[in-house]
Each structure stands twice: as C-alpha cells, then as structure tokens.
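Close look at the chain arrangement
Chain by chain, the residues run as shown.
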Amino acid sequence: MDILPESNDQYGTKQYWNQRYAREDDDASFDWFKSYSEIADILRSLIPEKRSRILMLGCGNSKLSEDMYDDGYHNIVNTDYSSIIIEKMKQRHGDARPQMEWHEMDVRDLEFDDSSFDVAIDKGTMDAMMTAKGDIWNPPQQVVDDCTREVREVIRTLRKEMGVFIYLTFGQPHFRKRYLTVPGTKLEIRELGEAFHYYLYILRT
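Rules used throughout
- Residues numbered from 1 in each chain as written.
- Predicted model: local features only at pLDDT ≥ 70, side-chain atom pairs only at ≥ 80, totals over all residues.
- Heavy atoms only, no water.
- Phe/Tyr/Trp six-rings, centres within 6.5 Å; stacked < 30°, edge-to-face > 60°.
- Buried < 20%, exposed > 50% of the residue type's maximum accessible area, 1.4 Å probe, protein only.
- UniProt positions renumbered as here; feature names shortened; annotations may be inferred.
- Helix = DSSP H or I, 4+ residues; strand = E, 2+ residues; numbered from the N terminus.
- Pairing = 2+ DSSP bridges.
- Axes fitted to C-alpha atoms, helices over the stretch in contact; angles between N-to-C directions.
- Contact = heavy atoms within 4.5 Å.
- Disulfide = S-S within 2.5 Å.
- Nonpolar A, V, L, I, M, F, W, Y, C, P; charged D, E, K, R; others polar.
- Core = buried A, V, L, I, M, F, W, Y, C linked by side-chain atoms within 4.5 Å.
- Polar contact = N/O pair within 3.5 Å; in protein donor to acceptor, adjacent residues only side chain to side chain.
- Parallel < 35°, antiparallel > 145°, perpendicular 65-115°, else oblique.

**Regarding the packing of aromatic side chains**
This model, assessed by the stated rule, comprises 4 aromatic pairs. Measuring from centroid to centroid gives 6.4 Å for F165 and Y167, while their planes differ by 15 degrees, and the two rings are stacked. Exposure remark for Y167: the relative accessible area of 0% places this residue in the buried category. Through a chain of ring-to-ring contacts, three or more aromatic side chains come together here, namely F165, Y167 and Y201.

Okay, structure coming up:
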C-alpha cells in the first residue's frame, strides 16, 4: 500500500492524514525521527516526575505515548486533528492504557485551559506544517503563522515558571529558533546523533 504523498506539502494537510489513516491497518504505527527507546534517558531527565501532566501534540499513530505510558508516565493527553486516528487510538489503547486521553484537536487552537500542563511534546508535528512549497530561508506567511500559533498555544497551556516544551526535529537552529524565541522563556538546544543529526529544542516557561 502506497501511503507516501505525491508531494511533501501534502504532509501539512488534514486530508492527506485522514486518507492515510483510513487506509492503514488498525494496528499500524509510524514514528518520526527517534523511537522512545533512543531518547528515553533524555526524556526521563527532562521529566523526572512520572505524575507530570503531558500534552502530546499531533500524536498520530506513533508509539511514543504507548511506550512512555508503559514506562510509568500515565498522565498523557494525546491530540491530533485527524478524527480517524483519534478513534483508532482510543480503540487500541482504551483497555490496556485507560488513563491516557485522546482528543481531536488542532495544535494551533488548543481547547485546554491556561497553565494546565507540565510538559508538551512535539515530535514531527511542527515539521509537517513546514512542508508548504516555498523558500526555506524565507518561508510562506502561512508557515510562519501556523508555527507561531502552535508555540503560542503551547506556552499558554503550560504551567507558568515550571512548564517545559520538548520539540524533536531534524530542523537546524537557523530554521527553527525564529519560532521558539519567545520573551519570558528560556530556550536550550541539543544536537543528537552522529551521521545524521537531530535537534532537541527545550523551551522552559
């Protein structure tokens, strides 16, 4: 089954993801970049409290939430704007991982109260919004607006002076810092990998 889009900019559309998830097997999974086992030590150090309320941004059918839950992080709230994958994930994990929540929601317009999460995690969602055609050095205004809105919404929902936004991507700092440099927050950037580099952006409120 061919699930790749005809062009990369389709990664940024709800239509593509709904069609893809509808065609995939119910137990299918896909993880952008690193698996949990590869970054578990880093996440454990960044989230030392297993009771932390964690917001997963654009969960898709990734195994990240599942693996974190099985590692003791039970207070995970998953969001995705595809109603199809949210329903599939509810069915997949409802009995085995009953404390996890699943919500159809757009990361650019989160329906949560202010200061309601300790941690937010993005592993590939913002990158999908950056696939629109255009100059990567001077991205289209829609890309700028979408990414800015996501970060703004994340900061709004994180607890003040103690919240952490963790963003894993292959995007180099000169392409990503513009969205993550926010007054009143502190940004840390870590380079991961050897032959192929990934970047971990840690934004603290």
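Moving on, there is more to tell.
**Focus on the UniProt feature "domain: Methyltransferase" (unreviewed entry) in the chain**
As annotated in UniProt, the feature "domain: Methyltransferase" (unreviewed entry) corresponds to residues 54-126 in the numbering used here. For residues 54-126, the end-to-end C-alpha separation is 17 Å, with 27% helix and 25% strand making up the annotated structure.

**A look at the environment of D95**
Mapped onto the secondary structure, D95 falls in the loop between α4 (83-93) and β3 (101-104). Take D95: its relative accessible area is 77%, and that puts it in the exposed class.

**A word on the sheet that holds β3**
In spatial order, the strands read β3-β2-β1-β4-β5-β7-β6; together these 7 strands make up an open sheet with mixed pairing. Edge positions in the sheet fall to β3 and β6 (186-192), since each of these pairs with one other strand and no more. On average, each strand axis in the sheet is tilted by 20 degrees relative to the strand beside it, whichever way the strands run. Bridge count between strand β5 (residues 164-169) and strand β7 (residues 198-204): 6 bridges; the pairing is antiparallel. Looking across to β7, one finds that V164 is bridged to R204. Contacts from α4 reach β2 (76-80) and β3, with the element oriented near 165 degrees to β3.

**Considering the state of the cysteines**
With the rule as written, the count across this model stands at 0 disulfides. Summary of cysteine pairing: C59 is not part of a disulfide, and the nearest cysteine sulfur, belonging to C147, is at 18 Å. The buried category is assigned to C59, whose relative accessible area is 8%. Judged by relative accessible area, which is 0%, C147 ranks as buried.

**A closer look at the packing of helix α1 (residues 14-23) against α4**
At their nearest, the axes of α1 and α4 sit 8 Å apart, and the two run at 35 degrees to each other. Every residue of α4 that contacts α1 at N18, Y21 and A22 is listed here: S83, I84, I85 and K88. Across the contact of α1 with α4, the residue classes tally to 4 nonpolar, 2 polar and 1 charged.

**Observations regarding α1**
If you check which residues of α1 are buried, you get Y16, W17, N18, R20 and Y21. In this structure, the buried residues of α1 make contact with β2 and α4.

**Describing the nonpolar core**
Membership of the largest hydrophobic core comes to 34 residues, with the highest contact counts inside it found for I47, I54, M68, I121, I166 and L200. Counting only elements with at least two residues in this core, the list comes to α1, α2 (36-46), β1 (54-57), α3 (64-70), α4, β4 (119-123), β5 and β7. Top element by residues in this core is α2. It accounts for 6 residues. Non-local contacts of I54, meaning those with residues more than four positions away in its chain, are made with I47, M68, Y73, N75, I76, V77, F117, V119 and I121. Among the nonpolar cores identified, the runner-up in size contains 26 residues, and L55, M129, V144 and Y201 belong to it.

**A look at the side chain of E24**
Position of E24 among the secondary structure elements: in the loop between α1 and α2. Within the structure, E24 has its side chain in polar contact with the side chain of N61 (distance 3.0 Å).

**Observations regarding the packing of helix α6 (residues 141-157) against helix α7 (residues 173-180)**
With their axes 9 Å apart at the nearest point, α6 and α7 run at an angle of 55 degrees to one another. If you check the angle between α6 and α7, you find them oblique. Contacts between α6 and α7 involve V143, V144, C147, T148 and V151 from the first element and R178, Y179 and L180 from the second. For the contact of α6 with α7, the residue count by class is 6 nonpolar, 1 polar and 1 charged.

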